[in-house]
Amino acid sequence: MRLRVLRSAWGLTGLRTDARRALAGVREAGFDGLEASLSDIGSTSAERRDFVAAAQAEDLSLILSAYSSWPNYEGDFESIPLDAHLSNLTNEFRAIAALHTSLPAGSPIIGVNAHSGSDAWTDSENVDFFARALEASDGCELPNVSHETHRARALCCPFVTARLLAAVPRLRLTSDLSHWVLGAERMFDFPSDAEWWPKLLDAVVGATALTHARVGAPREIQVADPSAPEHASLLAAYEAWWEVLWTSQA
């Protein structure tokens, strides 16, 4: 087992206009691969297959994002019913599965990062949705599927996530703890947090398949330079969390 470090497609230009050059740049920068959405890599199935083939040629791994709503967080937010979330996510799973099985020499796609559900749902709605989402992903030829702890999604809150993990033990997470830090407006280091945070982190560790290594602050989703002296305590806290996640997986 080894740690693979992938670059996010955010801010990366030329993905759809010159995929080979963009992917060569990812490899030359020292990354093991790229995490991107379906729309990042093409608007048609043929364009997306060409992109996946280009990644394979560069010996890069891919993680593809799937959305139950609000793809790429572009445009206006729209509230839709639970069944529509499930239908959208299932369609994205199927599109990724088609790409995953399209190359005769094997696929560079190693995972699916799902942006799932709504922060407005009740616990019973969340359990219903994720039980059916797991069935949907099981029904497709997919690599590991994990669901991100992202703002505006069902897993936006650590407490809701802990209850869901207890109710749906097969649920796997993409752990981006910066979303929780921003939502809770703290680093979970207040004296009262000591009563629950270590236990909750243990539950998250056991369910984590993918970690987003982003340094956020209680009022800032991402600091510009994590290595800056003023962010030393933030970086130390995140690195300690990531070390726990990685040690558990190793």
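In the block above lies the structure referred to throughout.
In what follows, the accompanying structure is described. As a convention, each chain's residues are numbered from 1 in the sequence order in which they are written. Local features in this predicted model are restricted to residues whose pLDDT is 70 or higher, and side-chain atom pairs enter the listing and the counts only when it is 80 or higher, whereas totals over whole chains, interfaces and linings include all residues. Hydrogens and water molecules were not included; the side-chain quantities draw on all heavy atoms of the structure.

Here's the deal with the nonpolar core
In this structure, Leu34, Phe93 and Trp241 are the most contacted members of the largest nonpolar core, which totals 66 residues. A helix here means a DSSP run of H or I that spans at least four residues, while a strand means a run of E at least two residues long, and both kinds are numbered starting from the N terminus. With seven residues, helix α4 (residues 82–100) is the single largest residue contributor to this core. Among buried residues, those of type Ala, Val, Leu, Ile, Met, Phe, Trp, Tyr and Cys that are joined through side-chain atoms within 4.5 Å constitute a nonpolar core. Categorising residues by exposure relies on relative accessible area from a 1.4 Å probe, with only protein chains included: less than 20% of the type maximum marks a residue as buried, more than 50% marks it as exposed, and the intermediate range marks it as partly exposed.

Overview of the packing of aromatic side chains
Aromatic contacts are taken between Phe, Tyr and Trp rings whose centres are within 6.5 Å, Trp giving its six-membered ring; a plane angle under 30 degrees counts as stacked, one over 60 as edge-to-face, and the others as tilted. Counted under the stated rule, the structure contains 13 aromatic pairs. Pairing Phe188 with Trp196 gives two aromatic rings, centres 5.6 Å apart and planes at 80 degrees, and the pair type is edge-to-face. By relative accessible area, which is 5% here, Phe188 ends up buried. Taken together, the aromatic side chains of Phe159, Phe188, Trp196, Trp197, Tyr238, Trp241 and Trp242 make up a single cluster linked through ring pairs.

Brief notes about the sheet that holds strand β5 (residues 144–148)
Spatially, the seven strands line up as an open sheet ordered β1-β2-β3-β4-β5-β6-β7, and their pairing is parallel. Looking along the sheet, the strands with just one partner apiece sit at the ends: β1 (6–8) and β7 (208–211). The mean angle between the axes of side-by-side strands here comes to 30 degrees, regardless of whether they run parallel or antiparallel. Pairing between two strands is assigned when DSSP locates at least 2 bridges connecting them. As paired strands, strand β6 (residues 173–175) and β7 are joined by three bridges and run parallel to one another. Bridging across to β7, Thr174 finds its partner in Leu210. Those strands touched by helix α8 (residues 197–207) are β6 and β7, and its axis lies near 90 degrees from that of β7. Structural elements are reduced to axes, namely lines fitted to C-alpha atoms, with helices fitted over the stretch in contact, and the angle between N-to-C directions of any two is expressed from 0 to 180 degrees. Pairs of residues are marked as contacts when any of their non-hydrogen atoms sit within 4.5 Å.

Side note on unusual backbone geometry
Keep in mind that most residues, glycine aside, have a negative phi and that most peptide bonds are trans. The phi torsion at Trp70 lies on the positive side, around 50 degrees, for a residue other than glycine. Even without being a glycine, Glu185 presents a positive backbone phi close to 55 degrees. Along the chain, the position of Glu185 falls in the loop between α7 (177–184) and α8.

Concerning helix α6 (residues 158–167)
Of all the positions in α6, only Pro158, Val160, Thr161, Leu164 and Leu165 are classed as buried. The arc enclosing the buried residues of α6, seen along the axis, measures out at 155 degrees, which places them on a common side. To be clear, the arc concerns the directions from the helix axis to the C-beta atoms.

A closer look at the layout of surface pockets
Buriedness of a pocket was judged along seven lines, with at least five required to meet protein on both sides within 12 Å; pockets are open sets of points on a 1 Å grid over the protein atoms alone, cavities are sets where a 1.4 Å probe fits but cannot get out, and lining residues have an atom within 4 Å of a point. Grid points are joined across faces, edges and corners, and a volume is the space filled by probe spheres set on the points. Empty space within the largest pocket amounts to approximately 1400 Å³. As for the largest pocket, its lining consists of 46 residues, and the residues nearest its centre are Leu6, Leu210, Thr211, His212 and Ala213. For the lining of the largest pocket, the secondary-structure elements that each account for two or more residues are β1, β2 (33–37), β3 (61–67), β4 (109–115), β5, β7 and α9 (232–249). Looking at the lining of the largest pocket, the element that brings in the most residues is α9, giving five residues. When residue character is reported, Ala, Val, Leu, Ile, Met, Phe, Trp, Tyr, Cys and Pro are called nonpolar, Asp, Glu, Lys and Arg charged, and the others, Gly included, polar. Its residues assigned to classes, the lining of the largest pocket comprises 22 nonpolar, 15 polar and nine charged. Each pocket or cavity is described by its volume, and for the second largest pocket that value is around 170 Å³.

Section: α7
Across the eight residues that make up α7, a large majority, six, are buried. When α7 is considered as a whole, its buried residues turn out to be Leu177, Ser178, His179, Trp180, Val181 and Leu182. Buried residues in α7 make contact with β5, α6, β6, α8 and α9. Looking one or two residues beyond α7, the residue adopting positive phi is Glu185, at roughly 55 degrees.

Comments concerning the environment of Val5
As for its placement among the helices and strands, Val5 is situated in the segment before β1. In the structure, Val5 is positioned 90 residues away from Ala95 in sequence and 24 Å away in space, judged by C-alpha atoms. Excluding residues that lie within four positions of it along the chain, Val5 makes contacts with Phe31, Asp32 and Gly33.

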